[in-house]
Amino acid sequence: MSRWRPAPAASTAIITTEGQARLKAELDELWRVRRPEVVKALAAAAAEGDRSENAEYTYRKKQLGEIDRRVRYLSKRLPALKVADAGPAGRDAIFFGAWFAIEDEDGHTQRLRIVGPDETDAPKGWISIDSPLARAALKKRVDDEFEAPLPSGSKRFVVTEVSYTG
């Protein structure tokens, strides 16, 4: 049995205007605020002497590595993203950026929004356009039924609302 795994599917390079602003703010905060603080703390820890037994020094090195890794990722990802700032012409169907409500077979209702993979947030109900539920819901209108292949098995839903304002 080998360790080889196929490469994961590339995520869709699309983002909402608000999502792009959040990522830019995160990059700016990491680069201008957090990184200088950690570098200063790392220099202070290094000045204490023996680095091999200095837990503060080791912690700050790890923290700096994590910040640099995230900065590198955001610096490469932001230029590659396409901002979807204009909504679709027909606002009665589900497309990227849409807020929509669905009801499952058991009568449970969910309010979701389709966003880019870089801005998903489950507690807010923001799902990635690459998710099976979002792919199944695309182009559906109010009262349309669809089936989505979920990890727990296939499930049927009915669209009860579609809007493009939060």
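Every residue gets a number counted from 1 within its own chain, in the order that chain's sequence is written. Only residues with pLDDT of 70 or above have their local features reported here, since the model is predicted, and side-chain atom pairs are shown and tallied only from 80 upward, although totals for entire chains, interfaces and linings are computed over all residues. Side-chain measures were taken over the full set of non-hydrogen atoms in the model, leaving aside hydrogen atoms and water.

### Some remarks on the overall build of the protein
No. 1: Along its length, the protein carries three helices and seven strands.
No. 2: C-alpha atoms define the radius of gyration in this analysis, and the globule rule sets the expected value at 2.2 Å times the number of residues to the power 0.38. The C-alpha radius of gyration of the protein comes to 22 Å, more than 25% above the 15 Å expected for a compact globule of 166 residues.
No. 3: Considering only C-alpha atoms, the protein reaches an extent of 70 × 45 × 30 Å along its principal axes.
No. 4: Think of it in three bands: with a 1.4 Å probe and only protein chains considered, a residue is buried below 20% of the maximum accessible area for its type, exposed above 50%, and partly exposed in between. Sorting the 166 residues of the protein into buried and exposed places 33% on the buried side.
No. 5: Contacts in the protein between residues far apart in sequence, at least 24 positions, make up 57% of those at least 6 positions apart.
No. 6: With an accessible surface of roughly 10,700 Å², the protein has 53% of that area assigned to carbon and sulfur atoms.
No. 7: Only four residue types enter the tally: Lys and Arg on the positive side, Asp and Glu on the negative side, with His and both chain ends excluded. By convention, the point assigned to a charge is CZ for Arg, NZ for Lys, CD for Glu and CG for Asp. If the 28 positive side-chain charges of the protein are averaged to one point and the 26 negative ones to another, these points end up 7 Å apart. By definition, any uninterrupted DSSP run of H or I lasting at least four residues is a helix, any uninterrupted run of E lasting at least two residues is a strand, and each is numbered from the N terminus. Contacts are residue-level and defined by heavy atoms, with any inter-residue pair within 4.5 Å sufficient. For accessible areas, the Shrake-Rupley method is used with a probe of radius 1.4 Å. Any residue's cover is judged against the shown protein chains and nothing else.

### Concerning the environment of L64
No. 1: You can see L64 is positioned in helix α2 (residues 55-80).
No. 2: Residues L64 and V38 lie 26 residues apart in sequence; the distance between their C-alpha atoms is 6.4 Å.
No. 3: Those residues within four positions of L64 in sequence are excluded, and the remaining contacts are R35, V38, V39 and L42.

### Re the environment of K155
No. 1: The topology assignment puts K155 in strand β7 (residues 153-163).
No. 2: K155 gets classed as partly exposed once you look at its relative accessible area, which sits at 26%.
No. 3: Between the alpha carbons of K155 and D104 there is a distance of 7.4 Å; along the sequence they are 51 residues apart.
No. 4: Excluding residues that lie within four positions of it along the chain, K155 makes contacts with D104, E105, F146, E147, A148 and L150.
No. 5: Here a polar contact is taken to be a pair of N or O atoms separated by no more than 3.5 Å, where protein atoms must pair a possible hydrogen donor with a possible acceptor and residues adjacent in sequence count only if both atoms sit in side chains. Polar side-chain contacts of K155 include one of 3.4 Å to the side chain of D104.

### Points about the nonpolar core
No. 1: Buried Ala, Val, Leu, Ile, Met, Phe, Trp, Tyr and Cys residues that are joined via side-chain atoms within 4.5 Å together make up what is termed a nonpolar core. Ranked by internal contacts, the top residues of the largest apolar core, which has 20 residues, are I94, F100, I102, I114, I127, L133 and F146.
No. 2: Where this core is concerned, the elements lending two or more residues are β3 (99-104), β4 (109-115), α3 (132-137), β6 (145-150) and β7.
No. 3: With residues up to four places along the chain from it excluded, the contact list for L133 reads I102, L112, I127, F146, A148, L150 and F157.
No. 4: Counting 15 residues, the second largest nonpolar core, distinct from the first, contains Y57, L64, I67 and V71.

### Observations regarding the pattern of salt bridges
No. 1: A side-chain nitrogen of Lys or Arg and a carboxyl oxygen of Asp or Glu constitute a salt bridge if their distance falls within 4 Å. Summed over all chains, the structure comprises 14 salt bridges.
No. 2: Here R32 ties to D28 by a salt bridge, and the two come within 2.4 Å at their closest N and O atoms. Of this pair, R32 and D28 both sit in helix α1 (residues 17-46), separated by four residues, roughly a single helical turn.
No. 3: With a closest N to O distance of 4.0 Å, K124 and D121 form a salt bridge.
No. 4: On the accessibility criterion, D121 (25% relative accessible area) is partly exposed.
No. 5: A single network of salt bridges, built from pairs that share partners, joins E145, E147 and R156.

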